[in-house]
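Structural characterization, general
Take a look at the letters that make up each chain.
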Amino acid sequence: MKISAIIFALLLSPFSFLLSSPHPYPPNWDKLQNNEGWELVKETDRVNVYSKQLPDSPIPALKAEIISDVKMELLADAAWLVEKSTEVFPNAYIIDAGVYYRRSDTSYTAYQVFDVPFLSPRLYQFNSIRLGNSIHWVRTDTVSAKLNPDRKLLPPVNFGSWEITHEAEKSILTYRICTDPGGDIPHWIVSQANQRYLPQMLEDIEAFAGSKFPHAP
């Protein structure tokens, strides 16, 4: 077969929308991941939420942490199940989620649809990689427009991570996010809403991991 024919066949493949590097990090990724400059903005019985401003978004980035008895590997497994997002995060207003393409067991391009009351639905499309018990995701703009037939609003900023560490026989689950849902929502409303649902989100993933894999060693 000629090279030109091979290239033509690849362009017709169902995954030809993946046109660029699968996981380019944004310039301020390291600022999101480091522990400098975070300010405590919300504290519940189990979850602490911190914020700091990054140049990428007018909405402050957030970091949320919970200490758990659930094994760290199980928490990471639950966070990686993006196609089960509606089950893992029943209180996060996710109405649909799935994987467009799996490059490997530790890399995929996926989506989540958020339908928050009184707002237009948002379609988040992102590349994710898993590095042991850490998961990184970054918004992607290389998927075909055909994957958004209803023309849902695409948030202009979305990158973050799950990180699970171990200390004194406990798991420490840390969630970091820098996002801007776009549209005409006042930024302070978005910031307050994020601070409100993040604690519940961490407790939900803990509950899912503990119940989904109850007999894990």
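First things first, this report covers the structure right here in the doc. Remember, it's a predicted structure, so these values are computed and weren't measured experimentally.

1. Focus: unusual backbone geometry
Phi at Tyr93 takes a positive value of approximately 65 degrees, unusual for a residue other than glycine. By secondary structure assignment, the location of Tyr93 is in the loop between helix 4 (85-88) and strand 4 (94-104). The backbone of Glu169 sits at a positive phi, close to 65 degrees, despite the residue not being glycine. Inspection of the secondary structure assignment puts Glu169 in the loop between strand 8 (157-167) and strand 9 (170-180).

2. Brief notes about the packing of aromatic side chains
One pass over the structure, following the stated rule, counts eight aromatic pairs. With a centroid separation of 4.7 Å and an interplanar angle of 55 degrees, the aromatic rings of Tyr25 and Trp29 are classed as tilted. Residue Trp29 is classed as buried on the basis of its relative accessible area of 7%. Measuring from centroid to centroid gives 6.0 Å for Phe89 and Trp162, while their planes differ by 10 degrees, and the two rings are stacked. Within this pair, whereas Phe89 is found in the loop between helix 4 and strand 4, its partner Trp162 is found in strand 8, the two being separated by 73 residues in sequence. You'll find Phe89 and Trp162 in the same group, each marked buried. Cation over ring: Lys63 sits above Tyr50, and NZ or CZ is 5.0 Å from the ring centre.

3. Topic: helix 3 (residues 72-80)
Most of helix 3 is tucked away, with seven of its nine residues classed as buried. Considered for burial, the residues of helix 3 that qualify are Met72, Leu74, Leu75, Ala76, Ala78, Ala79 and Trp80.

4. Considering the side chain of Thr140
On the secondary structure map, Thr140 appears in the loop between strand 7 (134-139) and strand 8. For Thr140, a relative accessible area of 6% gives the class buried. Of the polar contacts made by the side chain of Thr140, one reaches the side chain of Thr142; its length is 2.8 Å. Each residue touching Thr140, except ones within four places of it in the same chain, is listed here: Thr109, Gln125, Phe126 and Asn127.

5. Focus: the nonpolar core
Counting residues in each nonpolar core, the largest one holds 37 residues, and the members touching the most others are Phe89, Trp162, Leu173, Tyr175, Leu198, Leu202 and Ile205. Among the elements that take part in this core, helix 3 stands out by supplying seven residues, more than any other. Setting aside its immediate chain neighbours within four residues, Phe89 contacts Ile94, Trp162, Met201, Asp204 and Ile205. The next biggest cluster of nonpolar side chains, apart from the first, holds 10 residues, and it includes Trp29, Trp38, Tyr50 and Val157.

What counts and what doesn't
Residues numbered from 1 in each chain as written. Predicted model: local features only at pLDDT ≥ 70, side-chain atom pairs only at ≥ 80, totals over all residues. Heavy atoms only, no water. Helix = DSSP H or I, 4+ residues; strand = E, 2+ residues; numbered from the N terminus. Phe/Tyr/Trp six-rings, centres within 6.5 Å; stacked < 30°, edge-to-face > 60°. Buried < 20%, exposed > 50% of the residue type's maximum accessible area, 1.4 Å probe, protein only. Lys NZ or Arg CZ within 6 Å of the ring centre and 35° of its normal. Polar contact = N/O pair within 3.5 Å; in protein donor to acceptor, adjacent residues only side chain to side chain. Contact = heavy atoms within 4.5 Å. Core = buried A, V, L, I, M, F, W, Y, C linked by side-chain atoms within 4.5 Å.

Keep in mind that these numbers describe shape and distance, not what the molecule does.
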